[in-house]
Amino acid sequence: PDWVTGLDFALIAWFCIECNIHIGGEGAHPQCYFFGRDSERWTVQARWNVFDFSVSYLSLVLATIITEAGAGSYRVVVLMRLLRLLRIATLFNRSPELTVIVIGFVSALNSVIYIVLVLAVIFYIYAVLGFYLFAGNDPIRFGNVGLA
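Remember, it's a predicted structure, so these values are computed and weren't measured experimentally.

Each helix and strand in the chain was counted, giving 7 helices and 0 strands. Starting at the N terminus and walking to the C terminus, you meet the elements of the chain as α-α-α-α-α-α-α. A buried classification covers 20% of the 148 residues belonging to the chain. Accessible surface, the chain: about 10,800 Å² in total, of which carbon and sulfur atoms supply 72%.

On to a nonpolar patch on the surface, then. A grouping of Ile 115, Val 118, Leu 119, Ile 122, Phe 123, Tyr 126, Leu 129, Leu 133 and Phe 134 is seen on the molecular surface, where their side chains present a nonpolar patch of about 920 Å² in accessible area. Inspection of the secondary structure puts Phe 123 in helix α6 (residues 96-134). Look at Phe 123 and you get exposed, because its relative accessible area is 58%.

On to the pattern of salt bridges, then. A complete count under the given rule lists 1 salt bridge for this structure. Close ionic contact of Arg 141 with Asp 138 constitutes a salt bridge, the shortest N to O distance being 3.1 Å.

Leftover empty space is mapped by rolling, across the atoms, a probe with the size of a water molecule. Its boundaries defined by the atoms lining it, the second largest pocket holds a volume of some 170 Å³. As for the second largest pocket, its lining consists of His 22, Glu 26, Cys 32, Tyr 33, Gly 36, Arg 37, Thr 43, Gln 45, Ala 46, Asn 49, Asp 52 and Arg 94. It is helix α3 (residues 44-69) that contributes the most residues to the lining of the second largest pocket, 4 residues altogether. Partitioning the lining of the second largest pocket into residue classes produces 3 nonpolar, 5 polar and 4 charged.

What follows concerns the packing of aromatic side chains. Counted according to the given criterion, the structure contains 5 aromatic pairs. With 5.1 Å between their ring centres and 85° between their planes, Tyr 33 and Phe 34 make a pair best called edge-to-face. Cluster of aromatic residues (ring-pair linked, three or more members): Tyr 33, Phe 34, Phe 53 and Tyr 57.

Summed over all chains, the structure comprises 0 disulfides. Not part of a disulfide, Cys 16 finds its nearest cysteine sulfur in Cys 19, a span of 6.4 Å. For Cys 16, a relative accessible area of 5% gives the class buried.

Now for the confidence of the model for the chain. Across the chain, the average pLDDT comes to 80, with 85% of residues at 70 or higher. Across the chain, the secondary-structure element scoring lowest on mean pLDDT is helix α4 (residues 74-85), at 68, and the one scoring highest is α6, at 88.

Here we come to the environment of Arg 94. With respect to the helices and strands, Arg 94 occurs in helix α5 (residues 91-94). In sequence terms Arg 94 and Gln 45 are 49 residues apart; their C-alpha atoms lie 9.5 Å from each other. In contact with Arg 94, other than residues within four places in its own chain, are Glu 18 and Asp 52.

Glancing now at helix α1 (residues 2-24). With 23 residues, α1 ought to run about 33 Å at 1.5 Å a step, and its terminal C-alpha atoms sit 32 Å apart, in line with that. Where α1 is concerned, the buried positions are Asp 8, Ile 12, Phe 15, Cys 16, Cys 19 and Ile 23.

In this fold, Leu 86 is placed in the loop between α4 and α5. In sequence terms Leu 86 and Val 55 are 31 residues apart; their C-alpha atoms lie 7.7 Å from each other.

What counts and how
Residues numbered from 1 in each chain as written. Predicted model: local features only at pLDDT ≥ 70, side-chain atom pairs only at ≥ 80, totals over all residues. Heavy atoms only, no water. Helix = DSSP H or I, 4+ residues; strand = E, 2+ residues; numbered from the N terminus. Buried < 20%, exposed > 50% of the residue type's maximum accessible area, 1.4 Å probe, protein only. Areas by Shrake-Rupley, 256 points an atom, 1.4 Å probe, with all protein chains shown as cover. Patch = residues over 30% accessible without salt bridge, like charges linked within 9 Å, V, L, I, M, F, W, Y side chains within 5 Å. Salt bridge = Lys/Arg side-chain N within 4 Å of Asp/Glu carboxyl O. 1 Å grid on protein atoms, 1.4 Å probe; cavity = no way out; pocket = protein on both sides within 12 Å on 5 of 7 lines; lining within 4 Å. Points joined across faces, edges and corners; volume = space filled by probe spheres on them. Nonpolar A, V, L, I, M, F, W, Y, C, P; charged D, E, K, R; others polar. Phe/Tyr/Trp six-rings, centres within 6.5 Å; stacked < 30°, edge-to-face > 60°. Disulfide = S-S within 2.5 Å. pLDDT = per-residue confidence, 0-100. Contact = heavy atoms within 4.5 Å. Expected span 1.5 Å × (residues − 1).

Okay, here's the thing in structure tokens:
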């Protein structure tokens, strides 16, 4: 619908205005928004700023293309929405607590992978056992290891 397109443009414009405000906040040195204040290193905040700027303005360009192209550009719409979702990643830089939670979650995934592997081995052992014990009585359900 038209109101969804208008809402898309409003949100994209808001993000672009936010980037412009941040760039304007650098005063006489707007390049510091992109490269950081330390001339020796490219800071983490500057990397997030470049990412944020790129996603915002690329979304604006894609929204314009979609509006001009019409309904046949569904894949571009999906790409644009995925790019806007990537802006959520900037929250990790602004919230140390969220960063700790995500790091803990990612480190816990390593253990989960091993648990899944152990469960797969156990299921396979029971499948082989079921195949040998019940294949003669019920070949439809236990005819091979894959069925068991």
